[in-house]
Amino acid sequence: MVAFLLEVGTEELPAGFAAAAIAQWQQLIPASLAEQFLEPSAVHVYGTPRRLAVLIEGLPERQADRQEEIKGPPAGAAFREGEPTPAAVGFARKQGVELSALEVRPTDKGDFVFVNRTVPGRSTAEVLAELIPGWITSLEGKRFMRWADGSLRFSRPIRWLVALLDAAVLPLSLDSGDGVIHSDRTSRGHRVLHPSPVTLAQASAYVETLRAASVLVDPAEREQRIREQTAAAAQAEGAVADMPQDLVEEVIHLVEWPTAVVGRFEDSFLALPPEVSTMVMTSHQRYFPLYRADALRDPAATDARADLLPAFITISNGDPTKAAVIADGNARVIRARLADGEYFYRSDCANPLETLLPKLAVVTFQEQLGSVRAKVDRIGAIAHRLCDQIGSDSQERLLAERAAQLSKADLVSQMVFEFPELQGVMGQKYALVSGEPAAVATALREQYLPKGAGDDLPASRTGQIVGLADRFDTLVSIFGLGMLPSGSSDPFALRRAANAILNITWAAQLPLNLSSLLDTLATEFCASFPDLKTDAITLATQLREFFLQRIRTLLQEEQGVDYDLVNAVIGEAEQSQRVLADPLDARARALYLQQLRRDGQLEQIYAVVNRAAKLAVKGDLAKDVLVAQGIVDASLFQKSSEAPFLAALAQLQPLAQAAQANRDYAPLVAQLAEAAPVLAEFFDGENSVMVMDENPAIQRNRLNLLGLLRNQALVLADFGQIVRG
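Residues numbered from 1 in each chain as written. Predicted model: local features only at pLDDT ≥ 70, side-chain atom pairs only at ≥ 80, totals over all residues. Heavy atoms only, no water.

Participant: Would you take a moment to explain helix 14 (residues 438–446) for this structure?
Facilitator: Each α-helix turn comprises 3.6 residues. Residues three or four places apart therefore point the same way. Buried within helix 14 are the following residues: Val440, Ala441, Ala443, Leu444, Arg445 and Glu446. Contact partners of the buried residues in helix 14: helix 11 (394–406), helix 13 (425–433) and helix 15 (461–480). (Buried < 20%, exposed > 50% of the residue type's maximum accessible area, 1.4 Å probe, protein only. Helix = DSSP H or I, 4+ residues; strand = E, 2+ residues; numbered from the N terminus. Contact = heavy atoms within 4.5 Å.)

Okay, here's the thing in structure tokens:
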């Protein structure tokens, strides 16, 4: 067994590309080796800002010989009267075998000629030489470049190649455009700490040899070092370092020999809101902020004195002995950025937040939909509709109205113009400074929650109302323009907006009727934009279908409900309308069905209800009928199982009506389980009936019995959609 090393040396790679390239090679290289019948014991993919590398261990020196079965021409074309034809002779010559090696075998398309041949294995070196150019050129990423006159596209110029099969150099050539790069055993160490070339004696010695040259090629090792050093430096300051995972992952690919360095800035900058300082540190400088051990982290705080230390940790890629110089340089940079933030904050706070509203009129939301100010007006109108539906009192309406009015004001502040990531956050700060009610200020931040999957949801009612109103406006408006999401294309993040609406509705238990709300909003949109010639009925239908898709997806993927149980809740047209009219009920039923399946209770009622539902379709009883009076005629009963069936329905009827009203389906399920033996007698046993009796009146009467059972169970779910386990 041998080890193979490939290192592609480059100018400094973007951090995002380095991480993506490593992930791509982790998939590509093992798969391409397997296609060539090479099964190594391990494939390690490494990367730093100046290199991508793969170390493959446990490779055979050559492929194993293998047997191949080759299908040739039809037997009738290969042989005539037992003699080989030119077709057989040509096939044998092409495969390098004697005519006697040909075999005739039957197939589903008739008899064909086959030959078994031994394919000798090729040397691993030969196979690798063919694969490696594809490994390099198949990498994908943003803003690839060509340089000089070459055709090779890559993220950054390639400067060297190392290719070692154990101790031997595997000859490779790569035309970079400004010259041909030939593989050898010479790598590069750290630019500052080890500027001289590095000679690699063995492929297997790669990691240790580069470590000796102050390069940690393994990203996992660099991450561990970054976390350990940062935690130790923070502890020495009596603080806790804020290390968002996305920032850590970026920093990993910015350094080859990470060293944590503590930098400081003036206490006066702690007068800024903590989010401003941390945004400057994390997003713009890639520093880790230091929080006090007892930090409150109050989102309403307008200064950072209770939260932050006037210090930060940066991960240096330079000389650790010059940490003080590095810290001073970083402090000068952060000081200038914080001074900018201080100026923006003071300028913005000089006037009340509402004075920014007129500026929204000159900011375009979307060309055909007008300005952000127009959008704010629509958000206010939708918020009013939402208050109607959830039964808000006068105080809650006033807070929602004010929050909607101010919802986008901070977008035209100097701070948010410079740091767009702080939208909403600065709205809350400026609202508090302006003397707005705390509930209004909180809503200005919470309107953007959740920002992604797994994010916090708005906790305040005002924040929920404004956040929902904003998303409803975006959905209705963009759908009204005909810009529906398709495939993976969703430039306005409409799926995320609908998911947020549903998750907020479910978490806050808001009694929204999505169906009627979408009808109203579609009608109002079409009246407001008559030039678009959008049809309100079509628009509302598209929105309803979109929300049904989102409900289906969320119930399955986030709530963990089996697909057939989701189908049983959403059902056909009548059920779908009910789902949109009461999404809280839809989620409750889906989760309850999943619980019933988990507990084994669903199986107790499934058989009889599903059997009734399948037969009931032969009748004509409407699905909303729950009461037997005037529907079932007891005088037409002929079997002793029919009266108990009707009695069971009479017991189920009030429970079905109450279940739908109270969203409590346990009593209905319990009664269905108790009645199951009685209901089963209707179908099986000595007293079973022939539902499709020759007498039309008796047949209709029995179908109505089954239809009533189906309808009463349909209050919970469409059992015909459930797949029996």
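Participant: In this structure, what is going on with the nonpolar core? I would like to understand it.
Facilitator: Nonpolar side chains tend to gather and get buried jointly when the protein is soluble and globular. Ranked by size, the top nonpolar core spans 101 residues in total, and within it Phe472, Leu475, Phe547 and Phe719 carry the most contacts. Considering every element that reaches this core, the biggest residue donor is helix 18 (residues 536–557), with nine residues. If sequence neighbours within four positions are ignored, Leu475 has contacts with Leu494, Ala497, Ala498, Ile501, Leu543, Phe546 and Phe547. Of all hydrophobic cores here, the second largest spans 41 residues; its members include Tyr291, Ala304, Leu406 and Val466. (Core = buried A, V, L, I, M, F, W, Y, C linked by side-chain atoms within 4.5 Å.)

Participant: Would you explain the layout of surface pockets in this entry?
Facilitator: It is the rolling of a water-molecule-sized probe over the atoms that shows where space remains empty. Of the pockets and cavities examined, the largest pocket occupies roughly 870 Å³. What lines the largest pocket is a set of 25 residues, among which Glu275, Thr278, Met279, Val425 and Lys451 lie closest to the centre. Put simply, the parts of the chain that give the lining of the largest pocket at least two residues each are helix 7 (245–252) and helix 8 (274–284). Here the element with the most residues in the lining of the largest pocket is helix 8; it accounts for six residues. The residue inventory of the lining of the largest pocket, partitioned by class, reads nine nonpolar, four polar and 12 charged. Its boundaries defined by the atoms lining it, the second largest pocket holds a volume of some 690 Å³. Along its surface, the second largest pocket is lined by 22 residues, and Gln423, Tyr448, Asp470, Thr474 and Arg496 are the ones closest to its centre. At the level of elements, strand 19 (364–366), helix 10 (372–390), helix 15 and helix 16 (494–508) are the ones that each hand at least two residues to the lining of the second largest pocket. Looking at the lining of the second largest pocket, the element that brings in the most residues is helix 15, giving four residues. In the lining of the second largest pocket, the residues fall into 10 nonpolar, five polar and seven charged. (1 Å grid on protein atoms, 1.4 Å probe; cavity = no way out; pocket = protein on both sides within 12 Å on 5 of 7 lines; lining within 4 Å. Points joined across faces, edges and corners; volume = space filled by probe spheres on them. Nonpolar A, V, L, I, M, F, W, Y, C, P; charged D, E, K, R; others polar.)

Participant: It is not clear to me how helix 4 (residues 124–137) should be interpreted in this structure. Could you clarify?
Facilitator: Under the 1.5 Å per step criterion, the end-to-end length of helix 4 is 21 Å for 14 residues, consistent within 8% with the ideal 20 Å. Of all bends in helix 4, the biggest is about 30°, found at Leu131, and the proline Pro133 comes one to four residues later. For helix 4, the complete set of buried residues consists of Thr124, Val127, Leu128, Leu131, Ile132, Trp135 and Ile136. Packing partners of the buried residues in helix 4 comprise strand 1 (2–10), helix 1 (15–35), strand 3 (51–59) and strand 9 (158–165). (Expected span 1.5 Å × (residues − 1). Bend = angle between axes of the 7 residues up to and from the residue.)

Participant: Help me understand the pattern of salt bridges in this model?
Facilitator: Pairs may arise between side chains of opposite charge once their charged atoms sit close together. Summed over all chains, the structure comprises 42 salt bridges. In this structure, Glu275 and Lys429 form a salt bridge, with 3.0 Å as the shortest nitrogen-oxygen distance. Residue Glu275 is located in helix 8, and its partner Lys429 is located in helix 13; the two are separated by 154 residues in the primary sequence. As far as the burial class goes, Glu275 and Lys429 line up, both buried. Arg378 is the partner of Asp473 in a salt bridge, and the nearest nitrogen-oxygen pair spans 2.6 Å. Linking Asp473 in helix 15 with Arg378 in helix 10, this pair joins segments that are 95 residues apart in sequence. The exposure classification of Asp473 matches that of Arg378, with both residues buried. Residues joined in a network through salt bridges with shared partners are Lys375, Arg378, Lys408, Asp470 and Asp473. (Salt bridge = Lys/Arg side-chain N within 4 Å of Asp/Glu carboxyl O.)

Participant: Teacher, can you tell me more about the environment of Ala453 here?
Facilitator: Note on placement: Ala453 falls in the loop between helix 14 and helix 15. Judged by relative accessible area, which is 83%, Ala453 ranks as exposed. With 47 residues separating them along the chain, Ala453 and Ala500 place their C-alpha atoms 8.8 Å apart.

Participant: Could you clarify how one ought to interpret the sheet that holds strand 18 (residues 308–316) in this entry?
Facilitator: Read across the open sheet, the four strands follow the order 15-17-18-16; overall the sheet is antiparallel. Edge strands, defined here as strands with exactly one partner in the open sheet, are strand 15 (239–241) and strand 16 (259–264). Each adjacent strand pair in this sheet contributes to an overall mean axis angle of 30°, direction not counted. Bridge count for strand 15 against strand 17 (residues 288–292) is three bridges, and the pairing is antiparallel. Following the sheet pairing, Ala241 is matched in strand 17 by Leu290. (Pairing = 2+ DSSP bridges. Axes fitted to C-alpha atoms, helices over the stretch in contact; angles between N-to-C directions.)

Participant: Sorry, what's going on with the environment of Ala586 here?
Facilitator: One can find Ala586 in helix 21 (residues 583–599). Distance in space between the C-alpha atoms of Ala586 and Leu716 is 9.2 Å, their sequence separation being 130 residues. Apart from residues lying up to four places away in sequence, Ala586 is in contact with Val569 and Val579.

Participant: How should the packing of helix 23 (residues 642–662) against helix 24 (residues 666–683) be read in this particular structure?
Facilitator: Helix packing geometry: the angle between the two helix axes and the distance between the axes. In contact at an axis separation of 9 Å, helix 23 and helix 24 are set at 165° when each is read in the N-to-C sense. In this view, helix 23 runs roughly antiparallel relative to helix 24, as classed from their interaxial angle. Seen from above, helix 23 lies across helix 24 with left-handed handedness. On the side of helix 23, the interface is formed by Glu642, Pro644, Phe645, Ala648, Gln651, Leu652, Leu655, Ala656 and Ala659, while helix 24 contributes Pro667, Leu668, Gln671, Leu672, Ala675, Val678, Leu679 and Phe682. Among the residues making up the contact of helix 23 with helix 24, the classes are represented as 14 nonpolar, two polar and one charged. (Parallel < 35°, antiparallel > 145°, perpendicular 65-115°, else oblique. Left-handed = near helix turned anticlockwise from the far one by under 90°.)

Participant: Please clarify how the pairing of strand 9 should be interpreted in this entry.
Facilitator: Consecutive side chains along a regular strand alternate between the two faces of the sheet. The buried fraction of strand 9 amounts to seven of the eight residues, a majority that puts the element mostly inside the structure. In the sheet, strand 1 pairs with strand 9 via seven bridges, with the strands oriented antiparallel. Counterpart to Gly9 in the pairing with strand 9 is Trp160. Alignment of strand 9 against strand 10 (residues 168–169), held across two bridges, turns out to be antiparallel. Bridged to Leu165 within strand 10 is Ala168.

Participant: How do you make sense of the sheet that holds strand 4 (residues 66–74) when you look at a structure like this?
Facilitator: Sheet strands pair via backbone hydrogen bonds, and the direction of the pair is either parallel or antiparallel. Here three strands make up an open sheet; going across it, the order is 4-8-7 and the pairing antiparallel. Each of the sheet's edge strands pairs with one partner strand only, and the pair in question is strand 4 and strand 7 (103–107). Adjacent strand axes in the sheet meet at a mean angle of 40°, parallel and antiparallel pairs treated alike. Alignment of strand 4 against strand 8 (residues 110–119), held across seven bridges, turns out to be antiparallel. In the sheet register, Lys71 faces strand 8, and the bridge partner there is Phe114. Docked against the sheet, helix 3 (residues 86–95) engages strand 4 and strand 8, running at close to 160° with respect to strand 4.

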